[in-house]
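Fold and geometry: a report
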Amino acid sequence: RDAVVGLLPEPLRAVTRRVGDEVFRVAHSPSKRELKGTEAFLDACADLDREGIRIEPVLIEGQSFADSLRAKAKCDAAFDSFWLGMQCSGLEAAAMGLPVIAGDADQREGYQRMGHETPYTVANTPVELKDALRRLATESAYCTSEAARVHAFVADVHDEARVALRDTALTVPVDGD
């Protein structure tokens, strides 16, 4: 565990490439290309590049876990999936302080039951994905706020100590038995 933690950048590192830098790098782990919307992601990146917004899709596949974390750490954002919500790859990116784009059609109700809004930048269609990529790549304040929002969610919901306390609270008898 310590070896993996040592690979992670500081949370909310200078994730502000934004206007003026050459390339906005977006991580994507296409383990299930059809479900994750990989082709639409690649198309959106190519379309934005033709518009003069330099977005580099960073496909993370066939790598060790450590190498995949290193690749994500060099990115400015992550696209997880259209239909699966934020999965492991997105959670890792969020924990690193990267804004995460994902679809929320089947996830929104679950987040609301936990008392949260959808924690990531929502894109349920190729058009929404292209718009989200454009906005994250060109609006520094928006990109930073989306990174902070999803990072706060991961810290609140997935932090080991908090999860342990919640699980313990579920097993402690209410009436002292």
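Attention in this report is confined to the structure presented alongside it. (Residues numbered from 1 in each chain as written. Predicted model: local features only at pLDDT ≥ 70, side-chain atom pairs only at ≥ 80, totals over all residues. Heavy atoms only, no water.)

1. Details of the pairing of strand 1 (residues 24–28)
For clarity, the threshold we go by: Only protein chains enter the accessibility calculation, which uses a 1.4 Å probe. A residue is then buried if its area is under 20% of the maximum for its type, exposed if over 50%, and partly exposed in between. Secondary structure counts use DSSP, requiring at least four H or I residues in a row for a helix and at least two E residues in a row for a strand, with both numbered from the N terminus. Two strands are counted as paired when DSSP detects at least two bridges linking them.
Within strand 1, four of the five residues are buried, leaving the element largely enclosed by the surrounding structure. As paired elements, strand 1 and strand 2 (residues 55–59) share five bridges and run parallel to each other. Considered in strand 2, the bridge of Val 26 is made with Pro 57. Relative to strand 3 (residues 77–79), strand 1 is paired through two bridges, and the arrangement is parallel. The partner of Val 26 across the bridge, within strand 3, is Ala 77.

2. A word on helix 4 (residues 65–73)
The following threshold applies: This arc corresponds to the set of directions leading from the helix axis out to the C-beta atoms.
Listing the buried residues of helix 4 in full gives Ser 68, Leu 69, Ala 71 and Lys 72. Along helix 4, the residues classed as buried sweep out an arc of 160° about the axis, all on the same side.

3. A few points about the packing of aromatic side chains
Defined as follows: Between rings of Phe, Tyr and Trp, where Trp is taken as its six-membered ring, a pair exists when centres lie within 6.5 Å; planes separated by under 30 degrees are stacked, by over 60 edge-to-face, and by other angles tilted.
For the structure shown, the criterion picks out one aromatic pair. Ring centres of Phe 41 and Phe 79 lie 5.4 Å apart, and the angle between their planes is 20°; on these two criteria the pair is classed as stacked. Taken as a pair, Phe 41 in helix 3 (residues 38–50) and Phe 79 in strand 3 lie far apart in primary sequence, 38 residues in all. By the burial criterion, Phe 41 is buried, and Phe 79 matches it.

4. Remarks on the pattern of salt bridges
Quick note on the threshold: Definition used for salt bridges: Asp or Glu carboxyl oxygen within 4 Å of a side-chain nitrogen of Lys or Arg.
By the definition in use, this model includes twelve salt bridges. In this structure, the salt-bridge partner of Asp 47 is Arg 50, at a minimum N-O distance of 2.3 Å. On the criterion of helical spacing, the pair formed by Asp 47 and Arg 50 is a turn pair, its members being three residues apart in helix 3. Judged by its relative accessible area of 26%, Asp 47 is partly exposed. Since its relative accessible area comes to 63%, Arg 50 is described here as exposed. Across the pair Arg 70 and Asp 67 runs a salt bridge, and its minimum N-O distance is 2.7 Å. Taken as a pair, Arg 70 and Asp 67 lie in helix 4 at a separation of three residues, close to a single helical turn.

Just geometry here; none of it tells us what the structure is for.
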